[in-house]
Amino acid sequence: MDEQPESVTGPAADPGAGLDRRAELSEFLRTRRARLKPEDVGLPDFGRHRRVPGLRREELAQLAGVSVAYYTRLEQGNGRNVSGEVLDAIARALRLSDAEHAHLTHLAKPKQHKKKPAARSQQVRPALRQLLDSIDGVPAYISGRRSDILAWNRMAAAVFGDWSELPAQERNWARLVFLKPEYRDLFVEWDQKASDMVSYLRMDAGCHPDDPRLSALVGELSVKSEEFRRLWAAHDVKEKSYGVKHIRHPLVGELALNFESFRLSDGTEQALITYHAEPGSPSAEALRLLASWGADATKAGTGTSAPSA
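Treat the numbers as computed from the prediction; the structure is a model and nothing was measured. (Residues numbered from 1 in each chain as written. Predicted model: local features only at pLDDT ≥ 70, side-chain atom pairs only at ≥ 80, totals over all residues. Heavy atoms only, no water.)

**Student:** Break down the sheet that holds strand β3 (residues 242-249) for me, citing the residues and quoting the values.
**Tutor:** Pairing is antiparallel across the open sheet formed by five strands, whose spatial order is β2-β1-β5-β4-β3. Unpaired on one side and paired on the other, β2 (149-152) and β3 mark the two borders of the sheet. Sheet twist, expressed as the mean angle between neighbouring strand axes with direction ignored, is 30 degrees. Bridge analysis of strand β4 (residues 253-263) against strand β5 (residues 271-276) gives six bridges, and the strand direction is antiparallel. Directly across from Glu260, in β5, lies its bridge partner Thr274. Sitting on the sheet, helix α6 (residues 126-134) touches β1 (140-143), β2 and β5, and the angle it makes with β2 is about 50 degrees. (Pairing = 2+ DSSP bridges. Helix = DSSP H or I, 4+ residues; strand = E, 2+ residues; numbered from the N terminus. Axes fitted to C-alpha atoms, helices over the stretch in contact; angles between N-to-C directions. Contact = heavy atoms within 4.5 Å.)

In structure tokens, the structure reads:
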């Protein structure tokens with residue numbers, strides 16, 4: 001892996017060492033505390049006498065009902081033996097979202113994951129591949145850990161590009177969004193897509209801080225993309241299972257597609273993501289045209305053989 005900039009929240013110097021969970025916990029709590037103003041939580045603001053952004057540690061400890069020394073140890077990354085009740089109280093005091101609360105719990109009280117053979121950890125069941133092929137006219141794909149793209153149907157290739165032409169290690173949404181200029185053109189709201197991708201990786205890092213492949217991915221993106229470094233340093237986490245994406249396609253123009261993410265319950269940490277257009281809309285007609293063009297549409301897809309989107 002390339003040389004990385006110094007950062008208390010970045011990957012460890014050894015790319016096989018994973019992320020520093022204590023540093024992740026420390027920075028997450030610090031950044032959540034910094035975004036709250038005293039008036040947000042009913043505390044007096046002493047204006048120019050405040051030397052730190054956001055709440056002081058003692059103010060946060062008071063709101064959570066714990067001692068300052070206890071909270072300070074936690075913010076320094078020492079989450080050992082912290083109770084779920086205390087984490088709940090701190091989450092309430094920090095006004096964390098459900099996703100942020102879960103992320104805090106993963107960092108402070110990590111679960112022990114059984115190591116799986118690397119060759120099997122990201123395999124897609126044959127039945128799921130058959131399901132993808134049977135979904136006609138709807139772009140769909142399976143994503144896995146670290147935002148890897150594991151399987152897709154013909155319509156997904158027609159909209160997003162023929163990922164089969166990429167090396168397996170490059171079939172990753174974070175790599176595509178931050179390192180492929182054509183994907184900056186593909187997503188009309190690229191800034192939002194980039195923010196979402198980093199938030200997903202943060203959630204993954206909270207669940208799997210010892211994953212060396214995730215550490216290597218974060219290290220590479222941090223070196224190669226200033227935007228990724230900035231977003232990663234913000235420690236934002238969120239989950240988005242549905243919404244609308246605006247795509248700028250080289251053949252049919254702008255598409256407004258509703259996406260749905262279905263998390264699989266088989267323990268693989270994979271998800272099925274589908275995109276569909278409103279019936280009777282111009283986007284629905286555009287998808288119909290792409291489906292009728294078959295392989296020609298796939299070849300024009302972004303991110304592979306096409307020079308731009």
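**Student:** Describe the packing of helix α4 (residues 84-94) against helix α5 (residues 98-108), naming the residues involved and giving the relevant values.
**Tutor:** Remark: α4 packs on α5, axes separated minimally by 10 Å, with the N-to-C direction vectors making an angle of 140 degrees. Classified by the angle their axes make, α4 and α5 are oblique. Handedness of the crossing formed by α4 with α5: right-handed. Residues Leu87, Asp88, Ile90 and Ala91 of α4 pack against His101, Leu104, Thr105 and Ala108 of α5. A per-class count over the contact of α4 with α5 returns five nonpolar, two polar and one charged. (Parallel < 35°, antiparallel > 145°, perpendicular 65-115°, else oblique. Left-handed = near helix turned anticlockwise from the far one by under 90°. Nonpolar A, V, L, I, M, F, W, Y, C, P; charged D, E, K, R; others polar.)

**Student:** An account of unusual backbone geometry is needed here, citing residue identities and associated values.
**Tutor:** Negative phi is the rule for most residues except glycine; trans is the rule for most peptide bonds. For Arg146, which is not glycine, the phi dihedral falls at a positive 60 degrees. One can find Arg146 in the loop between β1 and β2. Judged by relative accessible area, which is 6%, Arg146 ranks as buried. Of note in the backbone geometry, Glu269 takes a positive phi value of approximately 60 degrees without being a glycine. Secondary-structure assignment places Glu269 in the loop between β4 and β5. With a relative accessible area of 31%, Glu269 lands in the partly exposed category. (Buried < 20%, exposed > 50% of the residue type's maximum accessible area, 1.4 Å probe, protein only.)

**Student:** Lay out the packing of aromatic side chains with the relevant residues and their values.
**Tutor:** The description of two aromatic rings rests on the distance between their centres and on the angle between their planes. This model, assessed by the stated rule, comprises 16 aromatic pairs. Ring geometry for Tyr141 versus Phe160: centroids 6.2 Å apart, planes at 90 degrees, classification edge-to-face. Placement of the pair is Tyr141 in strand β1 and Phe160 in helix α7 (residues 154-160), with a sequence separation of 19 residues. For the pair shown, Tyr141 and Phe160 are each scored as buried. Considering the side-chain rings of Trp173 and Phe187, the 5.8 Å spacing of their centres and the 65 degrees angle between planes classify their relative orientation as edge-to-face. You can see Trp173 sitting in helix α8 (residues 173-179) and its partner Phe187 sitting in the loop between α9 (181-186) and α10 (190-207), a full 14 residues away along the chain. Neither Trp173 nor Phe187 differs from the other in exposure class; each is buried. Here a set of aromatic residues connected by ring pairs shows up, and it is made of Tyr141, Trp152, Phe160, Trp163, Trp173, Tyr183, Phe187, Phe259 and Tyr275. One cation-aromatic arrangement involves Lys193 over Trp173; the distance from NZ or CZ to the ring centre is 4.5 Å. Directly above the ring of Trp232 sits Arg202, whose terminal nitrogen or CZ lies 3.6 Å from the centroid. (Phe/Tyr/Trp six-rings, centres within 6.5 Å; stacked < 30°, edge-to-face > 60°. Lys NZ or Arg CZ within 6 Å of the ring centre and 35° of its normal.)

**Student:** Tell me about the pairing of β1, and please be specific about residues and values.
**Tutor:** Alternating positions in β1 separate into two faces, Ala140 and Ile142 on one and Tyr141 and Ser143 on the other, with burial throughout. Across four bridges, β1 lies against β5 in antiparallel orientation. Across the sheet, Tyr141 pairs through a bridge with Ile273, a residue of β5. In terms of strand pairing, β1 meets β2 through three bridges, oriented antiparallel. Paired with Ile142 across the two strands is Ala151, which belongs to β2.

**Student:** Summarise the side chain of Asn172; cite the residues concerned and give the values.
**Tutor:** Within the element layout of this structure, Asn172 appears in the loop between α7 and α8. On the accessibility criterion, Asn172 (1% relative accessible area) is buried. Among the polar contacts listed, one links the side chain of Asn172 to the side chain of Asp148, at a separation of 2.7 Å. A polar contact is formed between the side chain of Asn172 and the backbone nitrogen of Ala174, at a distance of 2.9 Å. Other than its neighbours up to four places away in sequence, Asn172 contacts Arg146, Ser147, Asp148, Ile149 and Leu217. (Polar contact = N/O pair within 3.5 Å; in protein donor to acceptor, adjacent residues only side chain to side chain.)

**Student:** Quick rundown of the pattern of salt bridges? Include the residues and the values.
**Tutor:** Tallied over the entire structure, the rule returns 22 salt bridges. Between Glu75 and Arg57 there is a salt bridge, and its shortest N-O distance comes to 3.1 Å. Residue Glu75 is found in helix α3 (residues 68-75), and its partner Arg57 is found in helix α2 (residues 57-64); the two are separated by 18 residues along the sequence. By relative accessible area, Glu75 is classed as buried at 2%. In this structure, Asp211 engages Arg146 in a salt bridge whose closest nitrogen and oxygen atoms are separated by 2.5 Å. Within this pair, whereas Asp211 is found in the loop between α10 and α11 (212-224), its partner Arg146 is found in the loop between β1 and β2, the two being separated by 65 residues in sequence. The exposure classification of Asp211 matches that of Arg146, with both residues buried. Taken together, the shared-partner salt bridges in this structure form one network comprising Arg145, Arg146, Asp148, Asp204, Asp211 and Arg213. (Salt bridge = Lys/Arg side-chain N within 4 Å of Asp/Glu carboxyl O.)

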